[in-house]
Amino acid sequence: MTDQNENPNVPSTGLPINRDRFSDSEDEVSLRKLAIVPFKRKRTVIGCVLFGLLMAILITVTMTPKYRATATIELNEDKQSGVSALSDLASMAGGGADELKVKIQTETAVIEDDTIALKVMGKMGMLTLAGDGGWFSKKTPGKVVELKDLPPKRREDLIAGFEGGLRVKEVENSRLLAITYTSTDPDTAAKVANEIVEEYKTYLLSSNYDSSKDVSKWLGDQLGGLSDQVTKSEQAVAEYERSHNLSAAMPGLATLGGGTGGAAAAASSASGGGGGSGGGGGGGGGIHIPELDRLTALNEEVTQAQAQRLSAEAIYRLTETQNPEVISSLSTSALPGLTNSTVISQGNGLEVLNALRVQESTVKVTYADLATKYGAKNPRLAEIQNQMKSLDDQIATEMGKIRQRAKNDLTLAEATEKALQSAYEAQKVITSKMNDDVVQLGILMEQANSSRELYDILYAKLQEAQIDSGSTAANITVADPARPPGRAWIPKRTLFPLLGAFGGFALGIALAYLLESQDDTVADSFQVEEMAHVPVLGLIPFHKREARARTDGALATESSPFLIDPDGATAEALRSLRSGLTLSGVGRRLRVLSVTSALGGEGKSYTVYNLGLSFAATGLKVLIIDADLRRPRQDSLFRVSRKEGLSNLLAGIGTFDDVVQPHSVVNNIFLISAGQSTPLASELLESGEIVKILEMARERFDLVLVDNAPVLPVADPIQVASHCDGTIGVLRSGQTSRKALRRFVQILARNRIHLLGMVIQAVDMSASEYRSVYGYNVEKYYGEK
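Description of the structure in this document. Bear in mind the structure is a predicted one, so any value in this text is a computation, not a measurement. (Residues numbered from 1 in each chain as written. Predicted model: local features only at pLDDT ≥ 70, side-chain atom pairs only at ≥ 80, totals over all residues. Heavy atoms only, no water.)

## Section: the packing of aromatic side chains
In this description, a pair of aromatic rings is defined by centroid distance and the angle of the planes.
Then, number 1: Under the criterion given, the structure shown has three aromatic pairs.
Then, number 2: Its guanidinium or amino end placed over the ring of Trp 489, Arg 68 lies 3.6 Å from that ring's centre, counting from NZ or CZ.
Then, number 3: Positioned above the aromatic ring of Phe 701 is the side chain of Lys 621, whose terminal nitrogen or guanidinium carbon lies 4.9 Å from the ring centre. (Phe/Tyr/Trp six-rings, centres within 6.5 Å; stacked < 30°, edge-to-face > 60°. Lys NZ or Arg CZ within 6 Å of the ring centre and 35° of its normal.)

## Points about the sheet that holds strand E8 (residues 660-662)
Then, number 1: Spatial strand order, E5-E12-E11-E6-E10-E7-E9-E8: eight strands in an open sheet with mixed pairing. The sheet is open, and its two edges are formed by strand E5 (536-541) and E8, each paired on a single side. Averaged over all adjacent pairs, the angle separating strand axes in this sheet is 25 degrees, with direction ignored.
Then, number 2: Relative to strand E10 (residues 703-707), strand E6 (residues 592-597) runs parallel, the two sharing four bridges. In the sheet register, Leu 593 faces E10, and the bridge partner there is Leu 705. (Pairing = 2+ DSSP bridges. Helix = DSSP H or I, 4+ residues; strand = E, 2+ residues; numbered from the N terminus. Axes fitted to C-alpha atoms, helices over the stretch in contact; angles between N-to-C directions.)

## What to know about the pattern of salt bridges
Then, number 1: Scanning all chains against the criterion turns up 16 salt bridges.
Then, number 2: Of the charged contacts, one joins Asp 716 and Arg 630 as a salt bridge, the two residues approaching to 2.0 Å between their closest N and O atoms. Here Asp 716, found in helix H27 (residues 716-721), pairs with Arg 630, found in the loop between strand E7 (622-626) and helix H22 (634-638); they are 86 residues apart in sequence, far enough to count as distant.
Then, number 3: The salt bridge involving Asp 725 is made with Arg 698; its shortest N-O contact spans 2.9 Å. One end of the pair, Asp 725, is in the loop between H27 and strand E11 (726-732); the other, Arg 698, is in helix H26 (residues 689-700), and 27 residues separate them in sequence.
Then, number 4: We classify Asp 725 as buried; its relative accessible area is 3%.
Then, number 5: Via salt bridges that share partners, Lys 123, Glu 195 and Glu 199 belong to a single interconnected network. (Salt bridge = Lys/Arg side-chain N within 4 Å of Asp/Glu carboxyl O. Buried < 20%, exposed > 50% of the residue type's maximum accessible area, 1.4 Å probe, protein only.)

## Regarding helix H20 (residues 569-583)
Then, number 1: Look at H20: 21 Å from first C-alpha to last across 15 residues, which is about the 21 Å you get at 1.5 Å a residue.
Then, number 2: Buried within H20 we find Ala 569, Thr 570, Ala 571, Ala 573, Leu 574, Leu 577, Arg 578 and Leu 581. (Expected span 1.5 Å × (residues − 1).)

## Looking at the sheet that holds strand E4 (residues 476-480)
Then, number 1: Spatially, four strands are ordered E2-E3-E1-E4 in an open sheet, and the strand pairing comes out antiparallel. Across the chains shown, the open sheet's two edge strands, defined by having one partner strand only, are strand E2 (166-170) and E4. Pairwise comparison of adjacent strand axes, ignoring direction, gives a mean angle of 25 degrees for this sheet.
Then, number 2: Where E2 lies against strand E3 (residues 176-183), five bridges are found, and the strand directions are antiparallel. By the bridge assignment for E3, Leu 166 is matched with Tyr 181.
Then, number 3: Helix H6 (residues 152-165) contacts E2 and E3 of the sheet and is inclined by roughly 45 degrees relative to E2. (Contact = heavy atoms within 4.5 Å.)

## What to know about the packing of H20 against helix H21 (residues 604-616)
Then, number 1: Between H20 and H21, the least distance of the axes is 9 Å, while the angle of their chain directions is 70 degrees. As far as their axial angle goes, H21 and H20 are roughly perpendicular. Here Leu 574, Leu 577, Arg 578, Leu 581 and Thr 582 of H20 lie close against H21, whose contacting residues are Asn 610, Leu 611, Ser 614 and Phe 615.
Then, number 2: In terms of residue class, the contact of H20 with H21 is built from five nonpolar, three polar and one charged. (Parallel < 35°, antiparallel > 145°, perpendicular 65-115°, else oblique. Nonpolar A, V, L, I, M, F, W, Y, C, P; charged D, E, K, R; others polar.)

## Some remarks on the nonpolar core
Then, number 1: One finds Ile 111, Phe 162, Ile 196 and Tyr 200 to be the most contacted residues of the largest nonpolar core, which totals 33 residues.
Then, number 2: The leading source of residues in this core is helix H7 (residues 186-244), at eight residues.
Then, number 3: When residues no more than four places from it in sequence are discounted, the contact partners of Phe 162 are Ala 117, Val 120, Met 121, Met 126, Tyr 181, Val 192 and Ile 196.
Then, number 4: Leu 581, Leu 590, Leu 637 and Leu 756 belong to the second largest nonpolar core, which has 30 residues in total. (Core = buried A, V, L, I, M, F, W, Y, C linked by side-chain atoms within 4.5 Å.)

Written out as structure tokens, the structure is:
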């Protein structure tokens, strides 16, 4: 401890030498603190887990079981409704997977529709009026009524309840739909699911029948209009024949009007010349129209000439490249007209060119071989180079001949095409002079035939639609009907407790961090040293005797763990505190020590009592002075009367020896109790008598421990502590707030009180923050025998 000449009243700001041994970087400490929060507040976490588990068990026991039954249906792709009668009349763009997805979504919406729900509820007797009863009485079911007798609000409530238990889901990557219904009765769940399927099939049949009827009606209306159109077209043909003295039975006209090809050709030829001509001709034993036949033949010849010219031009363009590779490839090319080209048929075709290219390749190989063996200056290489040059010249000459032949072919093809085109144009002029009666008759015949064909098609479709309307097929198949389930869907007696425990655990973790973030109390020595910048002299583990001393007052038995449990963790902690105070004296041992705290109820009196016993065990003569005149406790711990004590001495009543009382068990520890209660506690302590009492105690005892009043509520402890050799602060783990600790240190420093350090009382040594430091359970270690 320190000499008084070293100005002991200057507050100590140093930290323990071994502090760095426990202090890591700030980030690591923060992560460690976060990690141990759940263990630190394990009671909260365990409580939440138990609460969640109990609630889940309670829900599992009290919840009404619900059963699920599922019916699976398949949507068939091939079966169609009556609208299929129009499938050949309009083209539909296929949607593939998207079309199937849209179809499944549509069918799902139909199944979940209110119409089907109401029909199923009607069949199952689920359309009931609201029953009687409430929360505290058994509810009686309502009367079953027809749909028309249900009030609108009740109807909406029933639909909402029914659809709440219905679930329609697509089976992935298939055409299957799973229809699931949930009910408190397994039989009802299965019956409702199957009934939904039946109602859905009924809906499809009704829909198909109605659509087929609509198609039949539409086709009938269209046929009526087409029938009139056919009649008018045929009448127009007959009238035209009479007025122009023509007959559709003539072979040429029959061919013209018998198909769309003949009529179109005639119309095209006539319109191309700006007019038409009538006439007749014979062919095949019948009448023909020579002008039209000639025009058709010339048109074909012009087309062939154009193709020949294009082919010759393509061959010429290829020869123009003067690329031996390209020109040689003509021999294997698939160009039309190539076999008739002079490029192939004259001058041995491409054989000479190909032979020259083969010789050139051989010479090049020989040249490369010799250049590799003998080098570039070998005389033989010069001869081969001359040979290569000669071959190149011959190849160029041959390609020139081929190009000239290709050009001649192109010139001839162009002349041929031009001549045929001129003849075709001349024939068009001749044909245009024909009377357009024949063409007009062909057009009328085409119109009549088209109307008749369309009428026949629609009539056939009408018959199909009438057959579809009587069909009973639907486009679904029941893949798996619903069956009453053997076990309830909910509650799940295994899963619910697990979920409850997990939810309670998550809630406990969150609550632990919330409580930790709101916790302003000091729990360990690191927090004290970081905040107050004062050393921690000792950690006193929590002892149940200390709790009884704080609550029960005078005890029938000894309350000091130093006497009743000398081998325990608390007794060992007191010895450590004693050793620290003894070894801290450098030149002179401290004789008078003040022990105080920030607020009441933090265990300072208990600490003073046990610390005095620990010093007395070393043979020192110890005196404890109870200077807390407002809430004294030492007399309860010593189990003596406080009729006479410090207050008497301060008031000038009695002598020092009269108020000193010995301990009943330990003969070298004594007590001056607080004495009788007085409202003038501050005035008595400031009177100066306390100095005389402390000096007298210093002379007669080896160690004097003053149980001072708390610093924050009253000013008494400052007066007493200023006359002591040093002051020990006491705080209670998990109770003293950080604000109180900070204020406590500031007040002592402002009044130049020599604060030796802090003692943390009622520490839970098994807590995670201490176990993470020491590596083991300290309390368990001292408890081992």
